[in-house]
Structure formats: C-alpha cells, structure tokens
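Inside the fold
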Amino acid sequence: MAVKDRDRFSTATRIRVLGEQTAARVYRSQAKRQVRRSRLTGRAALLALVLCSLIVALAYPIRQYVSQRAQIAELEQDREEARARVEELRDLKARWQDDAYAEQQIRERLHYVMPGETGFVVIDPAAVKQTRAPQGTAGRAWYANLWDGVDKADADR
C-alpha cells in the first residue's frame, strides 16, 4: 500500500491526472460550443461596438472639417475677386490722374464744352416715343391702369 500511496502523490501522477481532468473539461466545452456556436463571437461584437462608437464620434468633426474647408475655399475665391477689383480701381485711379482722360470723361459725361465750341445734344425721336407713357393714363387711378393692362394681356392671347 505504501508504494501505491507514494505513486498517488508523485508529481508525474498528479500531472497526468490534472491533464486528464483538463482534457475532459476542454472536450466537454468544445462539444457544447459546437452545439450552440453562433457566428457572432464576443470579440466580434466588441469590435463592432467600438467601430460604431468611433464612427459616431468622428462623424460630426469630419462634417465640420469638410464644411470649413469649403468655406475657406469660398473665402479665398472672394479674396481673389476683391484683389482683382482693387487692381481695377487702382488702374482707374491712375487713369483719372491723367488730365487728358479726365477732360475726355468730363466732356462725355457732363456734356461740357470748351470756350468757343458749340455743344449739340441729339435726341432720337423713336427713343422718346418708346419711353413716354400714353397721355390718357396719366390722370387715372393706378388700379384702373392695372386693370386695363390685365384686359390687354387677356385680349392679346
């Protein structure tokens, strides 16, 4: 009996018994897993949760970034247009510094003439007839003129 007891407490025997017990547990758990094994493991679910959290957390800042980049591009375009306008105004200012250009613009726009010259203004009779309103409608109320216009438009159809 002493040999059997000694064999029972030896390291090799204990390791062999522990290995058998562990193997039995592993095979038992594997058999259970095969029966009810699902496609979605805990790790996959955690990974999906982390990815969804990252997407939700980064969606707003990315949208802000894109909109701010568009706003920056628009402002840069406005700046370039303003710079071009400033250049045009500088050119115009330089032209106005020239006495000959200023005299030409004054004669053209204000119809000035130099002493001794005779100024003429030619009026196109066709343009005068187009711009004048009919004489009969001047003394009437505005709503009467409006109603006549509606009637004329309806008659023209």
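Let me sum up the structure you'll find in this document. Because the structure is a prediction, the values reported are computed rather than measured.

**Section: helix H6 (residues 142–156)**
With 15 residues, H6 extends 21 Å from end C-alpha to end C-alpha; this agrees with the ideal 21 Å at 1.5 Å per step. With zero of 15 residues buried, H6 lies mostly on the surface of the structure.

**So, the pattern of salt bridges**
For the structure on display, the rule yields seven salt bridges. The salt bridge partner of Arg107 is Glu117, with a shortest N-O separation of 3.0 Å. Taken together, the residues span a long stretch of sequence, with Arg107 in helix H4 (residues 99–110) and Glu117 in the loop between H4 and helix H5 (125–131) at a distance of 10 residues. The class for Glu117 is partly exposed, based on a relative accessible area of 39%. The salt bridge involving Asp148 is made with Arg140; its shortest N-O contact spans 2.4 Å. Looking at Asp148, the relative accessible area reads 26%, which means it is partly exposed. In this structure Arg140 comes out as partly exposed when scored by relative accessible area, which is 37%. Here the salt bridges do not stand alone but share partners, grouping Arg79, Glu80 and Arg83 into one network.

**Description of helix H3 (residues 42–97)**
For H3, built from 56 residues, the straight-helix expectation of 82 Å at 1.5 Å per residue is met to within 8% by its first-to-last C-alpha distance of 82 Å. Of all bends in H3, the biggest is about 35°, found at Ala59, and the proline Pro61 comes one to four residues later.

**Observations regarding a nonpolar patch on the surface**
A grouping of Leu46, Leu47, Leu49, Val50, Leu51, Leu54, Leu58, Ile62, Tyr65 and Val66 is seen on the molecular surface, where their side chains present a nonpolar patch of about 990 Å² in accessible area. Tracing the chain through its elements places Leu58 in helix H3.

**Things to note about the packing of aromatic side chains**
In total, this model carries two aromatic pairs according to the counting rule given. Here Trp96 and Tyr101 contribute two aromatic rings whose centre-to-centre distance is 5.4 Å and whose plane-to-plane angle is 80°, an arrangement assigned as edge-to-face. Relative to Tyr143, the ring of Trp142 lies with its centre 5.8 Å away and its plane at 80°, an arrangement referred to as edge-to-face. Look at Trp142 and you get exposed, because its relative accessible area is 64%.

Parameters at a glance
- Residues numbered from 1 in each chain as written.
- Predicted model: local features only at pLDDT ≥ 70, side-chain atom pairs only at ≥ 80, totals over all residues.
- Heavy atoms only, no water.
- Helix = DSSP H or I, 4+ residues; strand = E, 2+ residues; numbered from the N terminus.
- Expected span 1.5 Å × (residues − 1).
- Buried < 20%, exposed > 50% of the residue type's maximum accessible area, 1.4 Å probe, protein only.
- Salt bridge = Lys/Arg side-chain N within 4 Å of Asp/Glu carboxyl O.
- Bend = angle between axes of the 7 residues up to and from the residue.
- Patch = residues over 30% accessible without salt bridge, like charges linked within 9 Å, V, L, I, M, F, W, Y side chains within 5 Å.
- Areas by Shrake-Rupley, 256 points an atom, 1.4 Å probe, with all protein chains shown as cover.
- Phe/Tyr/Trp six-rings, centres within 6.5 Å; stacked < 30°, edge-to-face > 60°.

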